[in-house]
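Fold and geometry: a report
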Amino acid sequence: MIFRGSAVALITPFFEDGTVDFESLGKLIQYHLQNKTDAIVAIGTTGEAITMTEEERLAVIKFCVEKINHKIPLIAGVGNNDTGESADFAKKASALNPDAILVITPYYNKCNQEGLYRHFKTIAEASTVPVILYTVPSRTTVEIQPQTLKRLAEIKNIVGIKDATGNLGYTAKIKNILPDDFAIYCGNDDVTVPMLSMGADGVISVSANILPNETHEMCQAFFDGDIEKSRQMQLKYLDMINSLFAQTNPIPVKAAINLMGMNGGYYRLPLCEPSDETMELLKKNMKNLGLI
């Protein structure tokens, strides 16, 4: 298992001209190393990887590997809707020695399940590090069906899945058919504890960008058998979590990081700053929690 607990889906700070702010990125990494985050996922959806060039993405992976220095696992986001390009990038990314790569379902092409299987198999064969799959039908319109996932779990270096279906029935089905050592990570902050109760091993979390200690503690309480504490924490932070998804991620969370006095930086188009209504909602919930 690559990690157990809370992995932050880390944002990528950009300067106003769109270039990567590596100094601020380093400070954010240090913040997570000091605040109990169990793993870091770089250049995923939250990291705006889709608008970054290959050169930029490789530079961020290299920087993160060197900065984290395997103190906690680093998982690098990989994948798009082109299998060949994704496999090529997986090979280059894994050569930089992250602890694993995260591979999203191909979007827009709307492939069938056999196409999904071949897509992930091709990428896994190109990678020299473990592979975590990522199913997020709300963004890609494609879901890894349980029987396809069972087939993929037979591939040696495919070791887990980020389940962002938001469907506890799906989580239960895959838990029931997957090997015990195949990791399941929650991909929706609002159902972390319910998914842990279904046997998930942790969460890849957007809210951990601003609640690193809290997200770790919520998971750890569950693992320690203090289910009531874990449940209470999930409910306590639910309004804050929901406000982080009031607009498309990572629009609100980057704004929240900036409100906390850390530099989340600018966005890359087509993403831009949040609406006034979202900003007010963020401020209200952050004040209620003492974050600002």
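Each remark here, short or long, concerns the structure printed above.
Calculation rules
Residues numbered from 1 in each chain as written. Predicted model: local features only at pLDDT ≥ 70, side-chain atom pairs only at ≥ 80, totals over all residues. Heavy atoms only, no water. Salt bridge = Lys/Arg side-chain N within 4 Å of Asp/Glu carboxyl O. Helix = DSSP H or I, 4+ residues; strand = E, 2+ residues; numbered from the N terminus. Buried < 20%, exposed > 50% of the residue type's maximum accessible area, 1.4 Å probe, protein only. Phe/Tyr/Trp six-rings, centres within 6.5 Å; stacked < 30°, edge-to-face > 60°. Expected span 1.5 Å × (residues − 1). Arc of directions from axis to C-beta. Contact = heavy atoms within 4.5 Å. Core = buried A, V, L, I, M, F, W, Y, C linked by side-chain atoms within 4.5 Å.

So, the pattern of salt bridges
- What the rule picks out here adds up to 12 salt bridges.
- Ionic pairing is found between E217 and K36, a salt bridge with its closest N-O pair at 2.6 Å. Taken together, the positions of E217 in helix α9 (residues 212–223) and K36 in the loop between α1 (22–33) and β2 (39–42) put the pair 181 residues apart, joining distant regions of the chain.
- Judged by its relative accessible area of 23%, E217 falls in the partly exposed class.
- Its salt-bridge partner being E114, residue R151 comes within 3.0 Å of it at the nearest N-O pair. Remark: E114 occurs in helix α4 (residues 113–126) and R151 occurs in helix α6 (residues 146–152); sequence separation between them is 37 residues.
- Among the residues examined, R151 registers a relative accessible area of 34% and is labelled partly exposed.
- When its relative accessible area of 31% is taken as the criterion, E114 is described as partly exposed.

Examining the packing of aromatic side chains
- For the coordinates displayed, the defined rule picks out 2 aromatic pairs.
- Ring centres of F3 and Y185 lie 4.1 Å apart, and the angle between their planes is 10°; on these two criteria the pair is classed as stacked. Of the two residues, F3 is situated in the segment before β1 (5–9) and Y185 in strand β7 (residues 183–186); the sequence distance between them amounts to 182 residues. A single burial state applies to F3 and to Y185, both of which are buried.

Digging into helix α3 (residues 83–94)
- In a regular helix each residue adds 1.5 Å, so 12 residues correspond to 16 Å; α3 covers 16 Å between its end C-alpha atoms and thus fits that length.
- Taken residue by residue, α3 has S86, A87, F89, A90, A93 and S94 as its buried positions. Down the axis, α3 shows its buried residues gathered within 165° of arc, on one side only.
- Its buried side turned inward, α3 meets α2 (54–68), β3 (74–78), β4 (100–104) and α4.

Details of the nonpolar core
- Core analysis: the biggest nonpolar cluster contains 83 residues, and I101, L133, I144, L149 and I161 have the highest contact counts within it.
- In contact with L149, other than residues within four places in its own chain, are L133, I144, I161, Y170, I174, L178 and F182.
- The next biggest cluster of nonpolar side chains, apart from the first, holds 17 residues, and it includes I75, L102, A164 and I204.

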